[in-house]
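Each chain, written out:
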Amino acid sequence: MASETPRLDPTEIGNSSSSLLFRIVAQVKSQPSESTLILASPTRANEMITLDHVRFSIPNKTFEAGKWYEFICRGNDQGEVGFLILDSIPCVLGEDEEISLDAIVALQNLNKKFPEIY
């Protein structure tokens, strides 16, 4: 399963095949409509990249701005730039805990070398 849904660096999304399933860890910046999100995700260059107007197919789902999620996605098959979120898993952090951007990037890099890692 893990090798079928690799973790991608957000800069690789535009280069991916339209039918490719992938995962990305990102912070929700806002939810401008019932079916779109604006996300921020760290790249291998250790900078945050903004992903605008990301569509999702989860009915009646509200995402909390500022929270981190791992998203299971599919490349956009309608000839548009972007992708479709199929499912999401919240990254649960304890009180006074912060997510490590370096760890997210390291996980993406490890997944390239060892795709069987979940």
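Note that the structure is a prediction, hence the values are computed from the model and not measured. (Residues numbered from 1 in each chain as written. Predicted model: local features only at pLDDT ≥ 70, side-chain atom pairs only at ≥ 80, totals over all residues. Heavy atoms only, no water.)

### Focus on unusual backbone geometry
Applied cut-off: Every helix listed is a DSSP run of H or I at least four residues long, and every strand listed is a run of E at least two residues long, numbered separately from the N terminus. Classification of residues uses two cut-offs on accessible area relative to the type maximum, computed with a 1.4 Å probe and protein chains only: under 20% is buried, over 50% is exposed, and between them is partly exposed.
Not every positive phi belongs to a glycine, and Asn-46 is a case in point at roughly 60°. Tracing the backbone shows Asn-46 in the loop between strand S2 (36-42) and strand S3 (48-56). On the basis of relative accessibility, which here comes to 51%, the residue Asn-46 falls in the exposed class. At Asp-96, a position not held by glycine, the phi torsion is positive, near 65°. Take Asp-96: it is sitting in the loop between strand S5 (83-90) and helix H1 (101-113).

### So, the packing of aromatic side chains
The cut-off we apply is this: Between 30 and 60 degrees the pair is tilted, below 30 it is stacked and above 60 it is edge-to-face, where a pair is any two Phe, Tyr or Trp rings, Trp via its six-membered ring, whose centres lie within 6.5 Å.
Enumeration according to the criterion identifies 5 aromatic pairs in this entry. Between Phe-22 and Phe-83, the aromatic rings sit 5.5 Å apart at their centres with planes inclined by 70°, giving edge-to-face as the arrangement. A residue pair is termed long-range when its members are at least 10 positions apart, and Phe-22 in strand S1 (residues 21-33) and Phe-83 in strand S5 qualify at 61 residues. On the accessibility criterion, Phe-22 (0% relative accessible area) is buried.

### Comments concerning the pairing of strand S4 (residues 68-75)
The criterion, for reference: Here, strands pair whenever DSSP counts at least two bridges between them.
Taken across its 8 residues, S4 has 7 buried, putting it largely inside the fold. Here S4 pairs with S5 via 7 bridges, running antiparallel. What sits directly across from Gly-75, in S5, is Phe-83.

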